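Listed here are the chains, written in short residue letters.
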Amino acid sequence: MSHVGVGPRAVMRSVAFLTAGVLAVPALAGCTSEESAGKPLAAQDVGAASRASVSDGGTLRWAVDSVPDTLNTFQSDADATTTRVAQAVLPSMYRMDENGSPVRNPDYLESAEVVDTEPKQVVVYKLNQQAVWSDGREIGAADFAAQWRALSGKDSAYWTARNAGYDRIEKIERGANDLEVKVTFSRPYADWKALFSPLYPKDVMGTPDAFNDGARRSLKVTAGPFSVKKVDTKADQVVLTGNPRWWGAPAKLDKIVLRAVPRDERVSELVAGKLDLAEIDPETADEVTLAAAPRDPATGTPLMGPQGSPAAGAQGRSAAEALRSWAVANGSDEEAAEEEILAREERREAEAKAARRQKALSGFEVRKSLEPAYTQLALNGSGGPLADERVRRAVARALDREKLAETVLKPLGLPAEPVGSHLALSGQPAYADGSGALGEQNAKEARALLADAGWVRGGPVKKDGEKAAGAEKDEKGEDKEKKKSESDDDGTYIVGEDNKNEDSKNPDSKNADSKNEDSKNPDDKSDDGADRESGEKHSSGKNTAQGGAPGAYAPKGTAAPAGSVAAPLAKDGKALTLRFVLPSGPGSETLRTVADRITDMLKDIGIGTEITKVPDESYFKDHIAAGEYDLALYSWPASAFPATDARPIYAKPVPAADGSLNVAQNYTRVGTDQVDQLFDRAMTTLDQKEARDLLRKADSRIWAAAGSIPLYQRPQLTVARKNLANAGAFGFETPVYEDMGFLEKGAQGSRPSAPSTSSPSSSSSS
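Since we're looking at a predicted model, the values are computed, not measured.

Points about the sheet that holds strand 16 (residues 574-575)
Sheet strands pair via backbone hydrogen bonds, and the direction of the pair is either parallel or antiparallel.
Then, number 1: With antiparallel pairing, the three strands of this open sheet are ordered in space as 13-15-16. Two strands close off the open sheet at either side, each with one partner strand: strand 13 (456-457) and strand 16.

Structure follows, in C-alpha cells:
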C-alpha cells in the first residue's frame, strides 16, 4: 500500500496567504498525565526468534522504494532508505522500544544523565569503552563536537535540513576521561535524547565539503554491525556487509542487499525468488495469504481464502461450469467443440502458471502491524471557505472517523481504532485522546455551524462562469487543473451538485453519486445507536469525557437549516464546493477509497467536493506544500520527541523577510500563538510529567482549530520468507540488524496473537 508520507524533520518553505481569526473556543479540558497512554494497538510481527535458533551466514534481499541520493540523514534529500542504512551502520545513543519511547542503546552508551540544571543544563554521556569506528579510532567527544558544529545552524556553508536541538547547545567538551562527553546547553532542552542519533564520524561532519558531499554515495567510516560496501546505482541497490570491528553481538547475516523494486513489481520478484522481504499492498497480501493457506490433499487447492473466506476452485470455475465445458468440447457441434478445446487448453496453461506462482509464494508469509505513522485529512485554512474556523469544524464534525478507520484496517485484520492525537500514537507516553476538544461526529451540529457561517441551503448560485467558493483562491492553480481535466477524464469531477451530469463520464464517480455508500455495507447496522438524520450518537462516547460537547462551537440556539440533505449550500451566490486533491498512482487506491467515503459524509451536510487526481510525483510538492488544495490526505510519522518534531508541523505561519509566508511544515496554514507557546514550554521543561501535560493541552487546541483531522494509524504489511527471523513489520521498535537471519533447520519463529479489535476507550487506552 502506498501512502504519501512526510519526513518529520524536513524543512520546506511555501508561499501562501493566511487569513486566521482568533479562535473563539470554550475552555479546553486538556488531557493530563494522569490519563494512561495505553498500549500500542498492534504488536510488531517479525518472526521473533532467539539468536541461538538463527543460523550464521546468508544474504537478506530486502526491497526498498529507492536507492538513496544521500547517506547523510541530515540532508534535505535523505529518504527512508537513508534511515535504514544509518540504523545498520552508525551509532545511535538511543533507539525506540516497542512503545515508541527512547531507550538507551547499551552498545554505545553506558549512561547519560542531566547532571546540572543551574545555571545551565549539562548532560554527561558515558560511552561504551569498546565502541570504535571501523578505522579503529575510539568514538569520543571530537565526533560529538563536529556534529554539533555542523548542525548548529551557525555556519550556512553546511547544507543541513534541520538543526533542532543542536542550536541549543553552548559547548561540548571532554569529560573526566576519554569515554565521557560533557554537553552544556545555552537553553534548557527537554528532548536532549533526540541528539546524536545517528552519530556520524568527524570525518563526515568536520568540514562543510565533507558534510555536503562526503557521505552521499559512500560511508568509509562506520560503527555498526554492518558497513556500507557499495551503493550501486546501476543495479539499483545498496550492499551492506558485516563490520569486522563490531564489538557487539556478531551479525548473523553475511550481507544485506537493499534493492529498489517498484511496489507493483514486488510480487513478481518474490515469485522469481529474488526477494526475501518486502513491504506490500493489500492485494499482494491476499495473494500470499491464499498461497500459504491449508490445501485440499486431493485437488491441491486452498481450503480457505484470505480472512477465512472460502477459496475458489481452479480459475474460480464451479463444478457446473467444468461439466458444461466438457459437454461442449465433446459435443456434436464441431465448431463450438474446437473453440472450447482451445479455451480449455488456454485455461490449463493459465492454471499451471497460477499453480507455479502459488507454489513459489507458499514459501512466504504476511507479517503485519501498524506503522508508526497516521493518515490525516488536511484542511487548508489559508483562504476560501476553510479560512472560517466554523466551516473547518463543520467538516470535522461531519466525519465518522471510526467508519473511515474500519474501511482501511478491518479488511486487513488490524485494529480499526481512530487516532486520537496529532502528537503521539497509542502506547506512546504523550498519547491521550484529545478529540473531545472538537466534539463527536454530529451532522446536525455540523449543519448548524455552516448556517452560523452564512452558508444557507438552496440559496441562489451564480451561473455566469464564476468558480465555486472553494476554488476561488488561486487563479493559476485553477487553470492548471482545468487543463489536466480536459486532457484526462479521470482528472476532475464534482460531487454534491445534483444538477450536473459530468460524473457519469467517470467510472470512479459511482461512489460519490451514491447517497451513502456505507448503507450498502453489511457491517453498517441500522441499530448502531446513531440518528440517521443528524448523525448524533445516542450512546455516551469517549470524546465527551475529554471536554468536548456536541454543539459547543455553534452559538446557543442556532438551528440546523431545514430542507433536503442533498441540497447544496451557498453564500454570496457561490456554492460551497471544496477542492479535494488526491494522488492518482496505482498504489494510492486506499486513499481514494477513503476520499470517496469522506465525500459522501460531506455531501450529507451540503458540502460539495471537486476531486482532482494528480500524479504522485507532483502531489506533495506542487499541491500540498504549495497550498494548492482545500482538502487532502497525507501522513505524518509519529515521533518519540513531539515537542521538537511536531512543532514545525503545527506552528503558526509567520511572515518571512521577503514578504512571503514561512509555513515551515504547517501545510494547512492553521496555527495559533497558544499552541506555539505550549510547544515552547514543553521543549524547555525537564519535568516529564509537566511536558506530557503541556503536549496534551497543545493537542487539544490543535483539535479545536480543526486544521487537520487524524483518521487512522497506517497499516504496515510485509511479506517475508517463512524461515526469515527477526524482520518484518517492526511497528514502533527500531530493527535489530545483527539479530536478523534465517532459522536453523527445524527451528520456528514466534508470531503475535491476532490483534485485539477492542476499543482503547474500554481499556487503559483513552
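Side note on the pattern of salt bridges
Then, number 1: A complete count under the given rule lists 26 salt bridges for this structure.
Then, number 2: A salt bridge links Asp178 to Arg174; the shortest N-O distance between them is 2.6 Å.
Then, number 3: Asp178 gets classed as partly exposed once you look at its relative accessible area, which sits at 44%.
Then, number 4: As a salt-bridge pair, Glu287 and Arg357 come within 2.4 Å of each other at their nearest N and O atoms. Separated by 70 residues along the polypeptide, Glu287 in helix 6 (residues 282-291) and Arg357 in helix 8 (residues 334-361) bring together distant segments of the chain.
Then, number 5: Residue classification places Glu287 among the partly exposed positions, given a relative accessible area of 27%.
Then, number 6: For Arg357, a relative accessible area of 29% translates into the label partly exposed.
Then, number 7: One network of salt bridges, in which partners are shared, links Asp65, Arg263, Arg266 and Glu279.

Comments concerning empty space enclosed by the protein
Then, number 1: Enumeration according to the criterion identifies three cavities of 30 Å³ or more in this entry.
Then, number 2: Estimates place the volume of the largest cavity at around 130 Å³.
Then, number 3: If you go around the largest cavity, you meet 18 residues; those closest to its centre are Tyr650, Asn666, Thr668, Val670 and Ile702.
Then, number 4: Contributions of two or more residues to the lining of the largest cavity are made by strand 19 (631-637), helix 17 (647-650) and helix 19 (688-705).
Then, number 5: For the lining of the largest cavity, the leading source of residues is helix 19, giving three residues.
Then, number 6: Considered class by class, the residues forming the lining of the largest cavity number nine nonpolar, eight polar and one charged.
Then, number 7: Considering only enclosed or pocket space, the second largest cavity measures out at about 110 Å³ in volume.
Then, number 8: The wall of the second largest cavity is formed by 14 residues, among which His422, Pro637, Ala638, Ser639 and Ala646 lie closest to the centre.

Structural notes on the packing of aromatic side chains
Then, number 1: Inspection of the entire model under this criterion finds 19 aromatic pairs.
Then, number 2: Arranged with centres 4.6 Å apart and planes meeting at 45°, the rings of Phe144 and Phe196 form a pair that is tilted. Separated by 52 residues along the polypeptide, Phe144 in helix 2 (residues 141-151) and Phe196 in the loop between strand 7 (180-185) and helix 3 (202-205) bring together distant segments of the chain.
Then, number 3: The exposure class of Phe196 is buried, given its relative accessible area of 0%.
Then, number 4: Look at Phe185 and Tyr189: their rings are 6.3 Å apart centre to centre, the planes differ by 35°, and that puts the pair in the tilted class.

Overview of helix 6
Residues lying three or four places apart along an α-helix face the same way, a consequence of the helix completing one turn every 3.6 residues.
Then, number 1: Among the residues making up helix 6, those that are buried are Pro282, Thr284, Ala285, Val288 and Ala291.
Then, number 2: The elements touched by buried residues of helix 6 are helix 5 (266-271), helix 8, strand 12 (364-379) and strand 22 (708-721).

Overview of unusual backbone geometry
Then, number 1: Omega for the bond connecting Glu118 with Pro119 falls within 30 degrees of zero, at 0°, which places this linkage in the cis form.
Then, number 2: In this fold, Pro119 is placed in the loop between strand 4 (109-116) and strand 5 (122-127).
Then, number 3: In this structure, Pro198 follows Ser197 across a cis peptide bond, with omega equal to 5°.
Then, number 4: Within the secondary structure, Pro198 is located in the loop between strand 7 and helix 3.
Then, number 5: You will see that Asp572, though not glycine, has its phi angle at about 55°, which is positive.
Then, number 6: Mapped onto the fold, Asp572 is located in the loop between strand 15 (569-571) and strand 16.

Structural notes on the confidence of the model for the chain
Then, number 1: Chain-level statistics for the chain give a pLDDT mean of 82 and a share of 76% at 70 or above.
Then, number 2: Taken together, the stretch residues 755-766 has pLDDT below 50 and engages in 23 contacts with residues farther than four places along the chain or on a different chain.

Focus on the pairing of strand 9 (residues 237-242)
Then, number 1: Counting buried positions along strand 9 gives five out of six residues, so the element sits mostly inside the fold.
Then, number 2: Strand direction decides the pairing type here: strand 8 (residues 226-232) and strand 9, joined by six bridges, are antiparallel. Bridging across to strand 9, Ser227 finds its partner in Thr241.
Then, number 3: Between strand 8 and strand 9, which pair antiparallel and follow one another directly, the connecting turn spans four residues, one of which, Asp236, has a positive phi of 55°.
Then, number 4: As judged from the five bridges shared by strand 9 and strand 10 (residues 255-260), these two strands associate in the antiparallel manner. Looking across to strand 10, one finds that Thr241 is bridged to Lys255.

With respect to the packing of helix 10 (residues 401-409) against helix 14 (residues 589-603)
Then, number 1: Their axes nearest at 10 Å, the elements helix 10 and helix 14 cross at an angle of 155°. On the basis of the axis angle, helix 10 is roughly antiparallel to helix 14. Helix 14 is crossed by helix 10, and the crossing has right-handed handedness. Where helix 10 abuts helix 14, its residues Lys403, Leu404, Thr407 and Val408 lie against Thr590, Thr593, Val594, Arg597, Ile598 and Met601.
Then, number 2: Taken together, the residues of the contact of helix 10 with helix 14 sort by class into five nonpolar, three polar and two charged.

Side note on the sheet that holds strand 7
Then, number 1: Within the open sheet, the four strands sit side by side as 4-5-7-6. Their pairing is antiparallel. Bordering the open sheet on either side are strand 4 and strand 6 (169-174), each of which pairs with just one other strand. Shown here is a sheet whose adjacent strand axes are inclined to one another by a mean of 20°, direction ignored.
Then, number 2: Pairing between strand 4 and strand 5: six bridges, direction antiparallel. Of the residues in strand 5, the one forming a bridge with Val114 is Val123.
Then, number 3: Against the sheet, helix 2 engages strand 5, strand 6 and strand 7, with an angle of about 160° to strand 6.

Here we look at a negative patch on the surface
Then, number 1: Where like charges cluster on the molecular surface, the negative patch consists of Asp333, Glu334, Glu335, Glu338 and Glu339.
Then, number 2: With respect to the helices, strands and loops of the structure, Asp333 is situated in the loop between helix 7 (319-329) and helix 8.

Reading the values: rules and limits
Residues numbered from 1 in each chain as written. Predicted model: local features only at pLDDT ≥ 70, side-chain atom pairs only at ≥ 80, totals over all residues. Heavy atoms only, no water. Pairing = 2+ DSSP bridges. Helix = DSSP H or I, 4+ residues; strand = E, 2+ residues; numbered from the N terminus. Salt bridge = Lys/Arg side-chain N within 4 Å of Asp/Glu carboxyl O. Buried < 20%, exposed > 50% of the residue type's maximum accessible area, 1.4 Å probe, protein only. 1 Å grid on protein atoms, 1.4 Å probe; cavity = no way out; pocket = protein on both sides within 12 Å on 5 of 7 lines; lining within 4 Å. Points joined across faces, edges and corners; volume = space filled by probe spheres on them. Nonpolar A, V, L, I, M, F, W, Y, C, P; charged D, E, K, R; others polar. Phe/Tyr/Trp six-rings, centres within 6.5 Å; stacked < 30°, edge-to-face > 60°. Contact = heavy atoms within 4.5 Å. pLDDT = per-residue confidence, 0-100. Axes fitted to C-alpha atoms, helices over the stretch in contact; angles between N-to-C directions. Parallel < 35°, antiparallel > 145°, perpendicular 65-115°, else oblique. Left-handed = near helix turned anticlockwise from the far one by under 90°. Patch = residues over 30% accessible without salt bridge, like charges linked within 9 Å, V, L, I, M, F, W, Y side chains within 5 Å. Areas by Shrake-Rupley, 256 points an atom, 1.4 Å probe, with all protein chains shown as cover. Lys, Arg positive; Asp, Glu negative; His and termini not counted. Charge placed at Lys NZ, Arg CZ, Asp CG, Glu CD.

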